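# An overview of the molecular structure
Now for the letters of each chain:
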Amino acid sequence: MAGSEEIIKVGGKAIQLFTGGTGAPLLYLHGAGVYWWMPAHDLVAARHRVLAPVHPGFGASEGYDEIEGMDDLVFHTLDVMDALGLERANVVGLSLGGWLAAELALRHPGRVNRLVLVDAAGTRVPGVEREDLFMAGPARARGLLFADPESAVARQIVPDTPPPERLEAALRGREAAARLLWNPAGSYRKLTSRLGRIKAPTLVIWGAQDRVLPPALGQAYQRGIPGARLETLDGCGHLPPFEQPERFARLVLDFLRT
Amino acid sequence: MQFVCFHLMPWPHLPADFEQRHESAWLDLPNTLYDPTRGHALYNDYLDQLVAAERLGFDVIGVNEHHQNAYGLMPSPNIMAASLIQRTSRIKILVLGNALPLYDHPQRVAEELAMLDVLSNGRLITGMVVGLGVEAFTYEINPTFIRERYREAHELIVRAWTEPGPFHFEGKHYDFRWVNVWPRPIQQPHPPIWIPGSGSMETIRFVAERRYPWIALPYSQFDVMKEHFEMLREYAATHCGYDVPPAQIGWPAMIYVGETDRQAREEFEPHFWYLAKKGLRLPREYMFPPGHTSVESQLRPSHIKRKFISLLSSWREAEEGTYAIVGSAETVRQKLREGIKAAGCGIIQGIFQVGSMPHDLTMRSMERFARDVMPALRAEFP
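Below, the structure is looked at part by part. (Residues numbered from 1 in each chain as written. Chains lettered and ligands numbered in written order. Predicted model: local features only at pLDDT ≥ 70, side-chain atom pairs only at ≥ 80, totals over all residues. Heavy atoms only, no water.)

A separate point is the overall build of chain B. The secondary structure content of chain B amounts to 16 helices and 11 strands. What you see for chain B is a C-alpha radius of gyration of 20 Å, in line with the 21 Å of a compact globule of 382 residues. Referenced to the eigenvectors of the C-alpha coordinate spread, the extents of chain B come out at roughly 60 × 50 × 45 Å. Expressed as a percentage of the 382 residues in chain B, the buried residues total 62%. In chain B, 39 side chains carry a positive charge and 45 a negative one; their mean positions are 3 Å apart. (Helix = DSSP H or I, 4+ residues; strand = E, 2+ residues; numbered from the N terminus. Rg over C-alpha atoms; globule rule 2.2 N^0.38 Å. Buried < 20%, exposed > 50% of the residue type's maximum accessible area, 1.4 Å probe, protein only. Lys, Arg positive; Asp, Glu negative; His and termini not counted. Charge placed at Lys NZ, Arg CZ, Asp CG, Glu CD.)

Below, the structure written as structure tokens:
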């Protein structure tokens, strides 16, 4: 099974959308580096209708110029939900998408049923340093992102040189990521103090070997969100859906079933 | 032809094993490697070299701006310009900084440059630069906004110099209700503005539309620079309706004049490699943070073809790419003559002190250049 891909119109902009499966809708919000359908999506789509829109500036999605910060991406995502007819949905967000999911849940609690945050950006803990992927070449980036930087999936997601046909999209994606993630210390500080506003039952999944966003930042999510549960995955780095897809999918499916 | 004596003011004392111990001479190189006592003597030598350029007959002396690195010790070029103004009387002073997007208060830049213009009685040439990619890290400026901030700050500064104040500047990144620069510049309508650039299409359009002199960056093949000059001429002709005159094109060249070709190379080469392998040791990711250079510019063939000086592996390669103009006076004359014709330039921005080159060697080369090269080229390219 592979997700199907289409272009939808959101506020006049072309937005790339991956979908797969049937069942209760699950909105998957992608991170800064992988914005296409992966085996983890198939596993979750076994019991859900997975909708994975591509954020403006990434992949084939337009509208980068309108995104100046996280507020704009939250509003855009509400527009995407409207366009998809999603009054409420379960929301799963990874990294950048996790930060987006948390902001969505605390600002618009009526739109989020259950929330899964996976190695999510957004929290800030004084003294906990984040490694900067923008300063890292491919080899170092693999080391920061993966518990096993030599694995096939690590080389697939972070190749030494992107294939020529993907070079332009990769450069644009990097720029779209930097717009939101370039040291947003101010936003991070405020988000951490607002987490108590999240009403959705929340599962936090974190790679124990995440060096980009160390597990202390996941603990901050777990502490801040009322009733949140934290699952830390051994032998896993920043990207649990890709480094441990079965384990990730089982956690998500079990949590959404309860 | 205008001859500029330009200085980078490098730190020349990086240890021999620097490359083995450090990935970069920028941003995260520990500042414990800088010795302020030696730094004091160094500033004096470097300023003496620029002051000597007035006596030697150069038209312009120039300084630039870089941050947190061993390549160039001028985080504030305006301070160096103030010092040079006091020690010279006729020569023009080029400030090929201020890196506008790095500053949240471009009014401060407008004020300081106006001060320098008044202090020097109108001898100031201002640069306005985007700043290197690595400097987005230095000042924590989101690189995806750098081009927008640059354009807005430029507009604010030019308006602050030319429109009666106070007025309200309303921009996306800068919004100041009280723009009212005291003092105003002495040159009218404002001091000349020269723009350095690496050849991005964004900068080429910007200078073409405003008819600003454009100075290339010195660290890639001559042919790549020449292509960029041709792009400027073509853009100005097709989009702005004018032919770019030579006075609007600046060739930045490392120049060393020795007694003979062989002696020149022997004296120059170690300092060239110091610059290439130590001062410009800079990881690609530091140099090109996302957004600093547009995706269009990064995908252009000339960007891909460019071989940055730090990647050179032999002197032969450096010579074939014309990364530096080195030789006897006759050789240097000949190479510059060919280059000027090929580039179509009316500004030679000479960089004489290179890397770890000591004061006496620098001075001798400058003196030979002023005596045996510059007059002949002036006669040939008035």
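Glancing now at the interface of chain B and chain A. Listed as interface residues are 20 residues of chain B and, on the opposing side, 18 residues of chain A. Of the roughly 1,700 Å² buried at the junction of chain B and chain A (both faces included), carbon and sulfur atoms supply 63%. If you sort the residues of chain B by the area they bury against chain A, Glu285, Pro290 and Val295 of chain B come out on top, with a joint share of 31%. Applying the counting rule to chain B against chain A returns two salt bridges. (Contact = heavy atoms within 4.5 Å. Buried area = accessible area lost by both parts, 1.4 Å probe. Salt bridge = Lys/Arg side-chain N within 4 Å of Asp/Glu carboxyl O.)

Attention now moves to the sheet that holds strand E1 (residues 4-10) of chain A. Residues and elements named next belong to chain A. If you trace the eight strands from one edge of the open sheet to the other, you get E1-E2-E4-E3-E5-E6-E7-E8, paired in mixed fashion. Pairing within the sheet leaves two strands with one partner each, and these edge strands are E1 and strand E8 (229-233). When the angles between neighbouring strand axes are averaged without regard to direction, this sheet yields 25°. Examined bridge by bridge, strand E2 (residues 13-20) and strand E4 (residues 48-53) share four bridges and lie antiparallel to one another. Note on E4: the bridge partner recorded for Leu17 is Pro53. Packed onto the sheet, helix H8 (residues 215-224) meets strand E6 (112-118), strand E7 (202-207) and E8 and runs at close to 175° relative to E7. (Pairing = 2+ DSSP bridges. Axes fitted to C-alpha atoms, helices over the stretch in contact; angles between N-to-C directions.)

Moving on, we come to the packing of helix H2 (residues 36-56) of chain B against helix H15 (residues 359-372) of chain B. All names here are of chain B. Here H2 crosses H15 at 15°, and the two axes come no closer than 11 Å. The orientation of H2 relative to H15 falls into the category roughly parallel. Once H2 is placed against H15, the crossing between them reads as right-handed. When H2 is examined against H15, the residues Asp45, Asp48, Gln49, Ala52, Ala53, Arg55 and Leu56 are found in contact with a partner set consisting of His359, Thr362, Met363, Met366, Glu367 and Ala370. In terms of residue class, the contact of H2 with H15 is made up of six nonpolar, three polar and four charged. (Parallel < 35°, antiparallel > 145°, perpendicular 65-115°, else oblique. Left-handed = near helix turned anticlockwise from the far one by under 90°. Nonpolar A, V, L, I, M, F, W, Y, C, P; charged D, E, K, R; others polar.)

All names here are of chain B. For the structure on display, the rule yields 32 salt bridges over all chains. With a shortest N-O distance of 2.3 Å, Lys305 and Glu227 are connected by a salt bridge. Pair noted here: Lys305 is in helix H12 (residues 301-305) and Glu227 is in helix H8 (residues 222-240), with a separation of 78 residues, a long-range link. By relative accessible area, Lys305 is classed as partly exposed at 45%. Here Glu317 ties to Lys307 by a salt bridge, and the two come within 2.6 Å at their closest N and O atoms.

Turning our attention to the pairing of strand E9 (residues 249-258) of chain B. Residues and elements named next belong to chain B. Among the 10 residues in E9, 10 count as buried, and that is most of the element. Pairing analysis gives two bridges linking strand E8 (residues 214-216) to E9, with the strands arranged parallel. Across the sheet, residue Ile215 finds its bridge partner in E9, namely Gly250. Sheet analysis places E9 next to strand E11 (residues 347-351), joined by five bridges and oriented parallel. For Ala253, the partnering residue across the bridge sits in E11 and is Gly350. When E9 meets strand E10 (residues 324-328), the two strands line up parallel, connected through five bridges. Following the sheet pairing, Gly258 is matched in E10 by Ser328.

What follows covers unusual backbone geometry. Cis geometry marks the peptide bond from Gly165 of chain B to Pro166 of chain B; its omega dihedral reads -5°. Here Pro166 of chain B lies in the loop between helix H6 (146-162) and strand E5 (167-170). With omega at -5°, the peptide bond leading from Trp182 of chain B into Pro183 of chain B counts as cis. Following the sequence through the fold, Pro183 of chain B ends up in the loop between strand E6 (175-179) and strand E7 (193-197). The backbone of Asp119 of chain A shows a phi angle near 35°, a positive value even though the residue is not glycine.

In this sheet, E6 of chain B lies alongside E5 of chain B in antiparallel orientation, the contact comprising three bridges. Counterpart to Glu170 of chain B in the pairing with E6 of chain B is Asp175 of chain B.

This brings us to the side chain of Gln49 of chain B. Residue and element names in this part refer to chain B. Along the chain, Gln49 turns up in helix H2. Side-chain polar atoms of Gln49 contact the side chain of His7, separated by 2.7 Å. Not counting the four nearest positions on each side in its chain, Gln49 is found in contact with His7, Gln353, His359, Thr362, Met363 and Met366. (Polar contact = N/O pair within 3.5 Å; in protein donor to acceptor, adjacent residues only side chain to side chain.)

Applying the stated criterion across every chain yields a total of 26 aromatic pairs over all chains. Summarising the aromatic geometry, the rings of Trp99 of chain A and Tyr188 of chain A are spaced 5.1 Å apart at their centres and angled 90° between planes, so their arrangement reads as edge-to-face. Of this pair, Trp99 of chain A sits in helix H3 (residues 96-107) while Tyr188 of chain A sits in helix H7 (residues 185-194), and the two are 89 residues apart along the sequence. Each member of the pair, Trp99 of chain A as well as Tyr188 of chain A, carries the same accessibility label: buried. Between Trp214 of chain B and Phe229 of chain B, the aromatic rings sit 5.7 Å apart at their centres with planes inclined by 90°, giving edge-to-face as the arrangement. Here the residue Trp214 of chain B occupies a position in strand E8, and Phe229 of chain B occupies one in helix H8, the gap between them amounting to 15 residues. Judged by its relative accessible area of 0%, Trp214 of chain B falls in the buried class. The class for Phe229 of chain B is buried, based on a relative accessible area of 0%. Through successive ring pairs, a cluster of aromatic residues spans Tyr256, Phe268, Phe272, Trp273 and Trp315 of chain B. One Lys or Arg, Arg114 of chain A, reaches over the ring of Phe255 of chain A and ends 4.9 Å from the middle of that ring. (Phe/Tyr/Trp six-rings, centres within 6.5 Å; stacked < 30°, edge-to-face > 60°. Lys NZ or Arg CZ within 6 Å of the ring centre and 35° of its normal.)

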